[in-house]
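# Coordinates in review
The lines below spell out each chain.
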Amino acid sequence: VDWDRVGPLKEGFFARVKALKEAKDVDGLKKMWPGAHKGLASLGMPEDRIDYILYKWAKYVWAEAFEEKEAAEDKSEKDKKDYYDPKDCYFDPECHGKVDWDRVG
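The structure reproduced in this document is the subject of the present report. Keep in mind it's a predicted model, so treat the numbers as computed, not measured.

### A look at the packing of helix H1 (residues 3–23) against helix H2 (residues 26–42)
For the pair H1 and H2, the least separation of the axes is 11 Å and the interaxial angle reads 175 degrees. For the element pair H1 / H2, the angle class is roughly antiparallel. Where H1 approaches H2, its residues Val-6, Leu-9, Phe-13, Arg-16, Val-17 and Leu-20 are matched on the opposing element by Gly-28, Leu-29, Met-32, Ala-36, Gly-39 and Leu-40. The residue makeup of the contact of H1 with H2, split by class, is nine nonpolar, two polar and one charged.

### Let's talk about the nonpolar core
Generally speaking, a soluble globular protein has its nonpolar side chains buried in company with each other. Core analysis: the largest hydrophobic core is formed by 26 residues, its most contacted members being Val-6, Phe-13, Leu-29, Leu-40, Leu-54 and Trp-57. Secondary-structure elements contributing two or more residues to this core are H1, H2 and helix H3 (47–61). In terms of residue count, the dominant contributor to this core is H3 (seven residues). The residues contacting Trp-57, other than those within four sequence positions of it, are Val-6, Leu-9, Lys-10, Phe-13, Phe-14 and Leu-40.

### Observations concerning unusual backbone geometry
At Lys-24, a residue that is not glycine, the phi angle is positive and equals roughly 55 degrees. Mapping Lys-24 onto the fold places it in the loop between H1 and H2. Overall, the relative accessible area of 71% leaves Lys-24 in the exposed class.

What counts and what doesn't
Residues numbered from 1 in each chain as written. Predicted model: local features only at pLDDT ≥ 70, side-chain atom pairs only at ≥ 80, totals over all residues. Heavy atoms only, no water. Axes fitted to C-alpha atoms, helices over the stretch in contact; angles between N-to-C directions. Helix = DSSP H or I, 4+ residues; strand = E, 2+ residues; numbered from the N terminus. Parallel < 35°, antiparallel > 145°, perpendicular 65-115°, else oblique. Contact = heavy atoms within 4.5 Å. Nonpolar A, V, L, I, M, F, W, Y, C, P; charged D, E, K, R; others polar. Core = buried A, V, L, I, M, F, W, Y, C linked by side-chain atoms within 4.5 Å. Buried < 20%, exposed > 50% of the residue type's maximum accessible area, 1.4 Å probe, protein only.

Next up, the structure:
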């Protein structure tokens, strides 16, 4: 993973999500997702982690955009998912050790 380029991509993603939030443009968020996915993939991010990472980033900026989806989830599954997800690099010792967390931002 090219961590030097992940940080700027993350900052740009946050800025776009913030602008979409201010415009209340959930469809815009859906439309930009494939491009952000492709961007992380081009930097060497493992395919099975990209959407999870984008979801966490987007939810951090605009949690309300995901409320309807999460309301439909089973409460116990949601609680378990919020606490631990095996695709979360933070909880995967092999992946966690490969990340320079200071450079990611």
